[in-house]
Amino acid sequence: EGTPAADAYPRKILEYMEGFLISKTVFTSCELGLFDVLLGAERPLSAEEISHAVGASQDGTQRLLAACTGLQLLNAHTDDGQVLYSNTEQASVYLTRSSPLSLYQSIQYSSRTIYLCWHYLTDAIREGRNQYEKAFGVSSKDLFQALYRSDEEMVKFMQLMNSIWNICGKDVVTAFDLSPFKVICDLGGCSGALAKQCTSAYPECTVTIFDLPKVVRTSREHFVTEADQRISFHQGDFFKDPLPEADLYILARILHDWPDERCIELLSRVYKACRPGGVVLLVEALLHEDGSGPLTAQLYSLNMLVQTEGRERTAAQYAALLAAAGFTNIQHRLTGKIYDAVLGHKET
Ligand code: SAM
């Protein structure tokens, strides 16, 4: 007892040890445009054809295609002695650049930014802070100055923020019936993906996206079209500048960037600006109260350590922050997907 049987096989540990091989295989396939080439071809292609199209060695491409087949991202079938490859349904929908549900940009950000930060996870744990200085040589004194260290990085971050709401957005905006709240302010609303989910779920509402000036400029230019008439912008710093008056404030993936004191500071400003009878909706990946899961939120909390000043929290922890700022009647709803919803009220 206590010692594993001789034939024990540490399947999980081996999988964990090599998990990054899978991530990198997916990153590289996307970066090379493998799934885009197969989508564009409209017929199964051979390794040779694919290697020409992506501009890579035939041997390397062949091995990558085999690995993607093993990961069930590609279908392989033999035709006349030749192996031909095509995208699986999931690869077409989520891994091609042009798909409306594409995760391509998130994968790029994971590959180019998050993966590099995670190289310093051990340092992050030891020091209890983010690793921007080591990973990118930029000061992390101002979090969003570090995240937006160039215009290119900012756009990449915005694309990352954008993509998940095509998949999880509807669930978080409809977790509570928000139809009574017509004037919505999405604080740190970024590229407007969640604002679009609100206007489609609630036909009578208007949404103001509040964000930093250069984010607003980019969002206007590249993400939100003039046709989205019920979406407008307000630029400013939510820690310093006056907040627009609204019935509903959305803070999606905002509080997880900040320590408790700053969260209470921000929520207190929201409470002051909020109309009596109004509400605040927090959208976050909630941890179980006993910390036992979900694994995604536990890993995201590590990611917040490596990349931000914040953490993931339990519903009770968010409720405590909301209560400290004056909000009452605090409720939460789990969606069964990555992000959940917490609602707090300002009394009439
Ligand atoms: N809410 C979006 C979402 O969930 O997709 C974006 C979340 S992102 C993690 C944080 C957002 O807060 C960014 O768009 C960032 O520009 C914005 N932000 C950060 N600091 C800010 C500040 N001081 N004033 C206004 N917006 C800020």
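For the structure, check the block above.
Worth saying up front: this structure is predicted, and the values here are computed from it rather than measured.

> What am I meant to see in the overall build of the protein here?
Along the backbone of the protein there are 16 helices and 10 strands. Projected onto the principal axes, the alpha-carbon positions of the protein cover approximately 75 × 60 × 40 Å. Classification of the 348 residues of the protein by burial places 47% in the buried group. Sequence-distant contacts, at least 24 apart, represent 66% of the contacts inside the protein between residues at least 6 apart. For the protein, the exposed area adds up to about 17600 Å²; of that, 51% sits on carbon and sulfur atoms.

> Quick question: what am I supposed to make of the sheet that holds strand 8 (residues 279-284) here?
Remark on secondary structure: sheet strands pair via backbone hydrogen bonds, oriented parallel or antiparallel. Across the sheet, 7 strands lie side by side as 6-5-4-7-8-10-9; this open sheet has mixed pairing. The open sheet is flanked by strand 6 (231-235) and strand 9 (328-333), the only strands paired with a single partner. On average, each strand axis in the sheet is tilted by 20° relative to the strand beside it, whichever way the strands run. Judged from the 5 bridges that link them, strand 4 (residues 183-187) and strand 5 (residues 206-211) form a sheet pairing that is parallel. Within strand 5, the residue paired with Val183 across the bridge is Thr206. Those strands touched by helix 11 (residues 151-173) are strand 7 (248-252), strand 8 and strand 10 (340-345), and its axis lies near 140° from that of strand 8. Where helix 12 (residues 193-201) meets the sheet, its contacts fall on strand 4, strand 5, strand 6, strand 7 and strand 8, and the angle it forms with strand 5 comes to roughly 170°.

> How should I be thinking about the pattern of salt bridges in this particular structure?
Pairing is possible between side chains of opposite charge, provided their charged atoms come close. Counted by the stated rule, this structure contains 15 salt bridges. Between Asp247 and Arg275 there is a salt bridge whose closest N-O contact spans 3.1 Å. Of this pair, Asp247 sits in the loop between strand 6 and strand 7 while Arg275 sits in the loop between helix 14 (260-273) and strand 8; the two residues are 28 residues apart in sequence, bridging distant segments of the chain. Judged by its relative accessible area of 28%, Arg275 is partly exposed. Across the salt bridge formed by Arg262 and Glu265, the nearest N and O atoms sit 3.7 Å from each other. In this pair, Arg262 and Glu265 are both assigned in helix 14, 3 residues apart and thus about one turn of the helix distant. Relative accessible area serves as the criterion here: at 28%, Arg262 is assigned to the partly exposed category. Assessed through its relative accessible area of 35%, Glu265 is described here as partly exposed. Connected via shared salt-bridge partners are Asp123, Glu127, Arg129 and Lys134.

> Any chance you could explain the environment of Leu74 here in plain terms?
Here Leu74 lies in strand 2 (residues 74-79). Along the backbone, Leu74 and Ser86 are 12 residues apart, and their C-alpha atoms lie at a distance of 5.6 Å. In this view, Leu74 contacts Leu34, Phe35, Leu38, Leu65, Cys68, Thr69, Tyr85, Ser86, Asn87 and Thr88; residues no more than four positions away in its chain are not counted.

> Which parts of the structure should I look at to understand the site of the ligand?
For the ligand, the set of nearby residues contains 19 residues, the closest of which are Tyr148, Gly188, Asp211, Phe238 and Ala252. In the environment of the ligand, an oxygen atom lies 2.8 Å from a nitrogen or oxygen atom belonging to the side chain of Trp165. Measuring from a nitrogen atom of the ligand, one finds a backbone N or O atom of Ala252 at 2.8 Å. Contact with the protein chains covers 96% of the free accessible surface of the ligand, which is 590 Å².

> I'm lost on the side chain of Asn162 in this one. Help?
Inspection of the secondary structure puts Asn162 in helix 11. With a relative accessible area of 19%, Asn162 lands in the buried category. Discounting residues that sit within four places of it in the chain, Asn162 has contacts with Ser191, Ala193 and Phe223.

What counts, and where the lines are drawn
Residues numbered from 1 in each chain as written. Predicted model: local features only at pLDDT ≥ 70, side-chain atom pairs only at ≥ 80, totals over all residues. Heavy atoms only, no water. Helix = DSSP H or I, 4+ residues; strand = E, 2+ residues; numbered from the N terminus. Buried < 20%, exposed > 50% of the residue type's maximum accessible area, 1.4 Å probe, protein only. Contact = heavy atoms within 4.5 Å. Areas by Shrake-Rupley, 256 points an atom, 1.4 Å probe, with all protein chains shown as cover. Pairing = 2+ DSSP bridges. Axes fitted to C-alpha atoms, helices over the stretch in contact; angles between N-to-C directions. Salt bridge = Lys/Arg side-chain N within 4 Å of Asp/Glu carboxyl O. Near = heavy atom within 4 Å. Polar contact = N/O pair within 3.5 Å; in protein donor to acceptor, adjacent residues only side chain to side chain.

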